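Chain by chain, the residues run as shown.
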Amino acid sequence: MSASGTDRRPDRGSAHAGGPVLPDALRTITAAVAAAPKVVLLAVLMITGASVGLTLCYLGFHSERGDLIDPRAATRAHWDAYTARFDDGNDFVVAVESENPGGVRAAIDDLAERLNREPKYFGSVLSRINTTRSRRKGLQSLSPEELERVSERVAELSPILSGDPTRARLDWQVHDLTVKLAEALKSGQDAKVREVAGRAERLADGLAAHVADPNDFRSPWPSLVGGENAATMARQLEGATYFLNDAGTLGLLRVAPARTADGPADPEAVLDRLRAVAKAVEHDRGAIKVSVTGVPALEIDEVRRGRADMLRAGAVAFGAVGLLLLIGFRGVKHPVLALFVLAVGLAWAFGFTTFAVGHLNILSVSFAVILIGLGIDFGIHYLARYLQHRAEGLNLEDALCETSAGVGVGITTAAVTTALAFFCATFTRFLGVAELGIIAGGGVLLCALATFLCLPALIALADEHVPAKRLPKPIGFGWLRTGTSRFPAIVTVLGFAAVIGIGLQAVRIDQHGAGSKLHFDHNLLALRPGDAESADGRARLREAGGPSLLYAVAMADSAEEARELASKFEALPTVARVEDLARRLPGGDRSETSRGISRVRGQLAALPRNAGVSDLPAPRPADFGRRTDRLRKVALDSGRADLKPLADKLDRFADSFEKLSEGESTGHKQVVALDRYQTRAAGELVREFRELSIASSDSTPLGLRDIPTVLRRRYLSEDGKWLLQIFPKQDVWDFAPLGRFVSDLRTVDPEVTGTPVQNYEAGRQIMDSYRSAALYALAIVSLVLLSDFLAQENKLLVLFPPLLVVGFTAMTLLTRGIELNPILCAGGYVAMVLVVGAILDFTNMRDAMLALMPPLAGGVMTFGVLTLCGIPLNPTNLIVLPLVLGIGVDDGVHVVHDFRNRFATGSVGPRNAYQPSASTAGAIVLTSLTSMVGFGSLCIAGHRGLFSVGVTLVTGIGCCLFVSLFLLPGTLALLSREPKEAKAVAGKVGRDRDEEDDEDEAPRRQRRRAA
């Protein structure tokens, strides 16, 4: 067939726009394969076995999202510099929960001991910080202002231990608080009112809790060291600092994989062993819950679930595709042959993946299901045309050769355009998308190659002695084909109305202009399996008030720089806190701090060693009740809203205190409760003074040697880098707060890194990468289609001059130092090609552009349907862009080729509108349904990202099918109704060519048989 599609009949193998080269080459290959099918199949099986062996031995998996980012990017360099120095980036987090705080500490110690006994798996285990060496220097971490407040509190409470022990009695404490509150209210000192009210509430809470549970003791005394330093000093003085929540019911351990000479231990093996040890501790200790989470655990669980879901979905897809083939081809043998060829193509694709890339990632793990949906299409088209030729009376060899020469051109074009659509992803900066493009593009080409090599050989063996009348007849969907040809105008108008109406659902028009209703969901947690242990552990950690698993990191060259950075980071509105080592050490001028410590030490030295507060008489219940009522009355009479909580707490205490005396007349239980609480409170005060005395006993400056080794290694590298961990205020799994968090951090340190920064860059790059890949693919596919459809004499004139113009312009801009935009260059080139092609060869260029109608119109409909269904785009289902383009082009190429073939043979005339052939319509329906079933199998996945891929692709393929079967045939039927004179000429030329072909066919067949 010539460029206009009027040379030869399609079943003679020359109906293509590029001349006889490709059809004759495909015919020759098929003849050779059919002549020696067993030899070909033996070679195919050997290559397949080698591919399977290579895959099983060497194919790996990358679970970290940092591996998806371009290694040449600056953010990746910052991350690599951080992980090379610190193990913290790969930490697993173990959460230990129990209602008993003591049980939490004991379980943490037990778990840490067991983990430290297995250095093969576990490197740094951070379960607690031993503060024994630094406890005698505890006050050195306080500022001069904080030391001043410590001195004031010592002066306030020391008289209880020195001269008047009766001040430790509860009734006296209540009386003292009442007097101080009344004086503060009278003088209008709001700060003093709040301070006294806070102490009174603390006492009321402690009394109420102790009356309800004698084992529950809460100290009534204000801490000698206020603010956050109070808890820090308390833990230091205990000798160990555990990582606990405020209630002490949740504790954390951080576990880094062991490092060897070859690098960190296998994270998956470490996670499995860590969970085994955690379950053993949980089993042995009973009333505790141990969960393993952390970013590495989340990523490993995601990849594992993805792998399992892909295997399950692949099996379901393979079986469902086979069932559809049985129905579509009305038999068993030929569908089995197609599935065997698909299996061979998949094996080759896995071998290619192992050789070309070496691993799969979180995105490319879905490529097997992609190839099941795409690879089977080639076999379906081949079998449909082969069975049609056999039904027309051709023998086995001729039917195979003419099938390869006829539909083989469409298969080749579809395979090349689909592969190019994927290969365009390699132009993007995002490594995950680029690897998926390489794997899927190469797999599509290999599936097409397997179709041309393996399928003819199998058919030659299977149908060698089978007469044509016994072969099955595929479903032709005659009613559908007839409808589009009889009512082309109605079908076209309704088709365009459906595309435009549904597509507009994704468009938002308001006073701000036009925009998209279809939003992009960057939240990675929304894609991960929600029932994984790591996800459950993260949820429990958040509910219990634990720290965020996501935190950014920065590195400083000195302690002074680290302190300065920490102060700047904490001043940002999106930062909750900063953890670092530098601020644990004294810095700057320490003279005022030393004087403050000396002052506190002098106050403590004046106190007697044995305070007489151990034998205080118990308060009388009636007198104590009157005193608490008086305090409550002062709070209520003030009329202040901020004192109402104090009155309420005193009411609750009074109610529970009265219940103790029910059933007895002496009030003995009340006396015992007050005496017990008073004794413990007095002992607690003595203990606090003694601990404060220890904390001020060593005036030697606090140094690095006083910091525990496990803490030094995590915050100070061997080459002197100081680490800062920056925790966000908001949940930065969502992209909006993540973007604000990262942007704020970069105002302080442009080289800040960490998992939030990695997630942010990955989210930005993946969206830009898919968008760029789609645009590149559209441009390249358009050029391939033009090359396929344009007349031979016009190809160079259409494609080459615009390339010279773009190349000259690019060189001119580069010499002037102007940066080029590749997308604009590609777009400009395609635009010029279209203009030149429209001038020189309009009809063929029109046909090439019509082949793009299914992906373009189908894509518009897809976005509209997704908007109507409330399904957002996300980093996983964005794969719909190249896939819809590839699948849609596949359908469009076959329909347009079929149109040109039928036009050339005179099947389409002035009174005969275009009607798709039975093999083409049946093949398109069957390929679309198999693709929908194949991708729909992902809907059974527990991985929510893969589930969204399945839903989105089923929608996209369904929309492309609608365009391919209704809108495109209707449009072609309208175009086929050209003036009668042109039709008459075209028909005469076609008949003349057919007569010449019939005369030459018999000798040509004899020569082929002889060869």
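Just so we're clear, the structure is a prediction, and the values are computed from it rather than from any experiment.

**Student:** Looking at this model, I keep getting lost on the overall build of the protein. Mind explaining?
**Tutor:** Counting its regular elements, the protein contains 33 helices and 16 strands. Counting only residues that meet the buried cut, the protein has 53% of its 1011 residues in that class. If you take every contact in the protein between residues at least 6 apart in sequence, the share linking residues at least 24 apart comes to 83%. For the protein, the computed accessible surface area is about 43100 Å², with 57% contributed by carbon and sulfur atoms.

**Student:** How do you make sense of the sheet that holds strand β14 (residues 575-580) when you look at a structure like this?
**Tutor:** The strands that make up a sheet pair up through hydrogen bonds in the backbone, lying either parallel or antiparallel. Spatial strand order, β14-β15-β13-β16: 4 strands in an open sheet with antiparallel pairing. On the outer flanks of this sheet lie β14 and β16 (753-754), each paired with one strand and no other. Relative to strand β15 (residues 722-728), strand β13 (residues 552-556) runs antiparallel, the two sharing 5 bridges. Opposite A554, over in β15, you have L724 as the bridge partner.

**Student:** Looking at this model, I keep getting lost on the packing of aromatic side chains. Mind explaining?
**Tutor:** When we look at a pair of aromatic rings, we describe it by the centre distance and by the angle of the planes. Scanning all chains against the criterion turns up 7 aromatic pairs. Consider the rings of Y551 and F727, whose centres lie 5.0 Å apart with planes at 35°: the pair is tilted. Residue Y551 is found in the loop between α17 (533-543) and β13, and its partner F727 is found in strand β15; the two are separated by 176 residues along the sequence. The pair Y551 / F727 is uniform in exposure class, with both members buried. Between the aromatic rings of F624 and F653, the centroid separation amounts to 6.1 Å while the plane-to-plane angle is 90°, which identifies the pairing as edge-to-face. Separated by 29 residues along the polypeptide, F624 in helix α20 (residues 621-637) and F653 in helix α21 (residues 644-659) bring together distant segments of the chain.

**Student:** Explanation requested: the sheet that holds strand β6 (residues 250-257) in the structure shown.
**Tutor:** As summarised here, the arrangement of the 4 strands in space is β3-β6-β2-β9, forming an open sheet in which the pairing is antiparallel. The sheet is open, and its two borders are formed by β3 (122-126) and β9 (289-293), each paired with just one other strand. Across the sheet, the axes of successive neighbouring strands diverge by a mean angle of 25°, strand direction being ignored. With 6 bridges joining them, strand β2 (residues 92-97) and β6 adopt antiparallel strand pairing. Residue pairing for β6: V93 is matched across the bridge by R254. Against the sheet, helix α4 (residues 101-116) engages β2, β3, β6 and β9, with an angle of about 10° to β6.

**Student:** What should I look at first to understand the pattern of salt bridges in this one?
**Tutor:** By the definition in use, this model includes 26 salt bridges. One salt bridge in this structure joins D719 and R85, with 2.7 Å as the shortest N-O distance. Residue D719 is found in the loop between α23 (709-715) and β15, and its partner R85 is found in helix α3 (residues 74-85); the two are separated by 634 residues along the sequence. Under the relative-accessibility criterion, D719 is labelled partly exposed at 48%. By relative accessible area, which is 32% here, R85 ends up partly exposed. A salt bridge links D623 to R627; its shortest N-O distance comes to 3.1 Å. On the criterion of helical spacing, the pair formed by D623 and R627 is a turn pair, its members being 4 residues apart in helix α20. D623 sits in the buried class, given a relative accessible area of 15%. According to the relative accessible area criterion, R627 is partly exposed, its value standing at 22%. Here the salt bridges do not stand alone but share partners, grouping D110, R114, D284 and R285 into one network.

**Student:** How do you make sense of the confidence of the model for the protein when you look at a structure like this?
**Tutor:** The pLDDT averaged across the protein works out to 78; a share of 81% of its residues lies at or above 70. In this model, residues 1-19 is a region of pLDDT below 50 whose contacts with residues beyond four sequence positions or in other chains number 73 contacts. Counting contacts from residues 233-239, a segment whose pLDDT is below 50, to residues more than four positions away or on other chains yields 23 contacts.

**Student:** Help me out: how do you make sense of the side chain of S964 in this one?
**Tutor:** Following the sequence through the fold, S964 ends up in helix α32 (residues 944-976). Judged by its relative accessible area of 1%, S964 is buried. Within the structure, the side chain of S964 is placed 2.8 Å from the backbone oxygen of C960, a separation counted as a polar contact. Discounting residues that sit within four places of it in the chain, S964 has contacts with P854, D891, V895, I924 and P969.

**Student:** Looking at this model, I keep getting lost on the nonpolar core. Mind explaining?
**Tutor:** If you look at soluble globular proteins, the nonpolar side chains tend to sit buried side by side. The biggest cluster of nonpolar side chains holds 86 residues, and the ones touching the most others in it are L325, F329, I376, Y386, I459 and F935. Core analysis: the second largest hydrophobic core is formed by 48 residues, Y82, A95, Y551 and L745 among them.

**Student:** Explanation requested: a nonpolar patch on the surface in the structure shown.
**Tutor:** On the surface, a cluster of nonpolar side chains totalling about 440 Å² of accessible area is made up of L323, L326, I327, V332 and V336. A per-element tally of the nonpolar patch places helix α10 (residues 295-329) first, with 3 residues. Note on placement: L326 falls in helix α10.

**Student:** How do you make sense of the pairing of β13 when you look at a structure like this?
**Tutor:** Every regular strand shows the same layout, with side chains that alternate between the two sheet faces. Burial runs high along β13: 4 of the 5 residues are buried. Both β13 and β16 contribute to a ladder of 2 bridges, which runs antiparallel. Directly across from V553, in β16, lies its bridge partner T753.

**Student:** Where do I start with the packing of helix α11 (residues 333-356) against helix α12 (residues 367-391) in this structure?
**Tutor:** To describe two helices that pack against each other, one gives the angle between their axes and the distance between the axes. Running from N to C, α11 and α12 point in directions that differ by 140°, and their axes come no closer than 9 Å. Considering their axes alone, α11 and α12 lie oblique with respect to each other. Judged by the twist between their axes, the crossing of α11 over α12 is right-handed. Across the interface between the two elements, H334, A338, L339, L342, L346, A349, F350 and T353 from α11 touch F367, A368, L371, I372, G375, I376, L383, Y386 and L387 from α12. For the contact of α11 with α12, the class distribution of residues is 14 nonpolar, 3 polar and no charged.

**Student:** Looking at this model, I keep getting lost on α3. Mind explaining?
**Tutor:** An α-helical turn contains 3.6 residues, so a residue and the one three or four places further along point in the same direction. Relative to the 16 Å expected for 12 residues at 1.5 Å per residue, α3 spans 17 Å between its end C-alpha atoms, a close match to the ideal helical length. Along α3, the residues classified as buried are T75, R76, W79, Y82 and T83. What you see down the axis of α3 is that its buried residues fit within an arc of 125°, all on one side. Taken together, the buried residues of α3 touch β7 (259-260), β13, β15, α24 (735-748), β16 and α25 (755-789).

**Student:** Whenever I open this one, the packing of α25 against helix α27 (residues 822-840) confuses me. Can you help?
**Tutor:** One way to put it is that α25 packs onto α27 with a least axis distance of 10 Å and a crossing angle of 25°. Relative to α27, the element α25 lies roughly parallel. Handedness of the crossing formed by α25 with α27: left-handed. In this structure, α25 uses S772, L775, Y776, A779, S782, L783 and L786 to contact α27, whose residues at the interface are P822, I823, A826, Y829, V830, V833 and L834. When the residues that make up the contact of α25 with α27 are grouped by side-chain class, the tally is 12 nonpolar, 2 polar and no charged.

**Student:** Whenever I open this one, the environment of T747 confuses me. Can you help?
**Tutor:** Along the chain, T747 turns up in helix α24. Each C-alpha atom, one on T747 and one on F569, is 9.3 Å from the other, the two residues being 178 residues apart in sequence. From its side chain, T747 meets the backbone oxygen of D744 in a polar contact 2.4 Å long.

**Student:** I keep staring at α20 and nothing clicks. Help me out?
**Tutor:** Counted at 1.5 Å a residue, the expected span for α20 with its 17 residues is 24 Å, and the 24 Å between its end C-alpha atoms agrees. Within α20, burial applies to P621, D623, F624, G625, T628, L631, V634 and A635. Backbone geometry just after α20 places G639 at a positive phi near 70°.

Each value, and the rule that gives it
- Residues numbered from 1 in each chain as written.
- Predicted model: local features only at pLDDT ≥ 70, side-chain atom pairs only at ≥ 80, totals over all residues.
- Heavy atoms only, no water.
- Helix = DSSP H or I, 4+ residues; strand = E, 2+ residues; numbered from the N terminus.
- Buried < 20%, exposed > 50% of the residue type's maximum accessible area, 1.4 Å probe, protein only.
- Contact = heavy atoms within 4.5 Å.
- Areas by Shrake-Rupley, 256 points an atom, 1.4 Å probe, with all protein chains shown as cover.
- Pairing = 2+ DSSP bridges.
- Phe/Tyr/Trp six-rings, centres within 6.5 Å; stacked < 30°, edge-to-face > 60°.
- Axes fitted to C-alpha atoms, helices over the stretch in contact; angles between N-to-C directions.
- Salt bridge = Lys/Arg side-chain N within 4 Å of Asp/Glu carboxyl O.
- pLDDT = per-residue confidence, 0-100.
- Polar contact = N/O pair within 3.5 Å; in protein donor to acceptor, adjacent residues only side chain to side chain.
- Core = buried A, V, L, I, M, F, W, Y, C linked by side-chain atoms within 4.5 Å.
- Patch = residues over 30% accessible without salt bridge, like charges linked within 9 Å, V, L, I, M, F, W, Y side chains within 5 Å.
- Parallel < 35°, antiparallel > 145°, perpendicular 65-115°, else oblique.
- Left-handed = near helix turned anticlockwise from the far one by under 90°.
- Nonpolar A, V, L, I, M, F, W, Y, C, P; charged D, E, K, R; others polar.
- Expected span 1.5 Å × (residues − 1).
- Arc of directions from axis to C-beta.

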